[in-house]
Amino acid sequence: MATLARQHKRQIVVIEDEPDLVDLLKDLLQDEGHQVWTAADGPTGLALIRATHPDVVLCDLGLPGFDGHAVARAVREDPSLAATRLLALSGWTQPQDVAKARASGFDVVLPKPLGVDSVITEVERA
C-alpha cells in the first residue's frame, strides 16, 4: 500500500508520558515510513524539537516538567520552527480546552483515545 506518508517521509517528535501510547504511536508512524523521536516530558521534548527541527510534533497537553501548552508556545516563539505542525494529544476536548490549545500554538487537537486514521491524516497534512 503506497500511502502519501511513504512517498513523503516526515520527521516527527512524539512527546507523551504514557509509555504504551508512545510505543503505539512510534510503531504506527515508523510503519508509515516516518522517522520518529520520543520524549516523556516537556523539557526533554522541547530540547528534542530544537535539535531535530521536525515536520510534526505530537504532544500531550498534560506532561511532567512543563505542560504541552508551554512546549507549543516555545516552538511558536522560535522562527526556525515556524513550519513545524503541532498536534495536541488530549483527553480535554471541551471547547474551552481546544481554544486554549489553539491559543498556545497548536494547529490541531486530537482527542484521546486516539483514532489511528486521524493521526495519519493530520501527519500527512504536514
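Asks: Describe unusual backbone geometry, with residues and values.
Replies: With an omega of 0°, the peptide bond between Lys112 and Pro113 qualifies as cis. Within the fold, Pro113 resides in the loop between β5 (108-111) and α6 (116-124). Of note in this structure, His53 is not a glycine but carries a positive phi near 50°. Mapped onto the secondary structure, His53 falls in the loop between α3 (42-52) and β3 (56-60).

Asks: Can you tell me about the confidence of the model for the protein, naming the residues and giving the values?
Replies: Mean pLDDT over the protein: 93, with 94% of residues reaching 70 or higher. Every residue in residues 1-6 is under pLDDT 50, and counting partners more than four places away or in other chains gives 12 contacts.

Asks: How would you explain the side chain of His34 if you had to name every residue and give the values?
Replies: Note that His34 resides in the loop between α2 (19-31) and β2 (35-39). Within the structure, His34 has its side chain in polar contact with the backbone nitrogen of Arg10 (distance 2.9 Å).

Asks: Which residues make up the pattern of salt bridges, and what are the values?
Replies: Following the criterion strictly, the structure yields 5 salt bridges and no others. Note that Lys112 and Glu16 form a salt bridge whose closest N and O atoms lie 3.0 Å from each other. Of this pair, Lys112 sits in the loop between β5 and α6 while Glu16 sits in the loop between β1 (11-15) and α2; the two residues are 96 residues apart in sequence, bridging distant segments of the chain. Lys112 sits in the partly exposed class, given a relative accessible area of 29%. Assessed through its relative accessible area of 1%, Glu16 is described here as buried.

Asks: Break down the packing of α2 against α6 for me, citing the residues and quoting the values.
Replies: For any two helices packed against each other, the geometry comes down to the angle between their axes and how far apart the axes lie. One can describe the packing of α2 onto α6 by two numbers: an axis separation of 11 Å at closest approach and a directional angle of 55°. In terms of orientation, α2 lies oblique with respect to α6. In the crossing of α2 with α6, the sense of the turn from one axis to the other is right-handed. Residues Leu25, Leu28 and Leu29 of α2 touch α6, and the partners they reach there are Val116, Val119, Ile120 and Val123. Counted by class, the contact of α2 with α6 contains 7 nonpolar, no polar and no charged residues.

Asks: An account of the pairing of β2 is requested, with residue identities and associated values reported.
Replies: The pairing of β1 with β2 spans 5 bridges and is parallel. Residue pairing for β2: Val14 is matched across the bridge by Thr38. In this fold, β1 hands off to α2, which returns the chain to β2; that crossover is right-handed.

Conventions used here
- Residues numbered from 1 in each chain as written.
- Predicted model: local features only at pLDDT ≥ 70, side-chain atom pairs only at ≥ 80, totals over all residues.
- Heavy atoms only, no water.
- Helix = DSSP H or I, 4+ residues; strand = E, 2+ residues; numbered from the N terminus.
- pLDDT = per-residue confidence, 0-100.
- Contact = heavy atoms within 4.5 Å.
- Polar contact = N/O pair within 3.5 Å; in protein donor to acceptor, adjacent residues only side chain to side chain.
- Salt bridge = Lys/Arg side-chain N within 4 Å of Asp/Glu carboxyl O.
- Buried < 20%, exposed > 50% of the residue type's maximum accessible area, 1.4 Å probe, protein only.
- Axes fitted to C-alpha atoms, helices over the stretch in contact; angles between N-to-C directions.
- Parallel < 35°, antiparallel > 145°, perpendicular 65-115°, else oblique.
- Left-handed = near helix turned anticlockwise from the far one by under 90°.
- Nonpolar A, V, L, I, M, F, W, Y, C, P; charged D, E, K, R; others polar.
- Pairing = 2+ DSSP bridges.
- Right-handed = clockwise from strand over helix to strand, strands pointing away.

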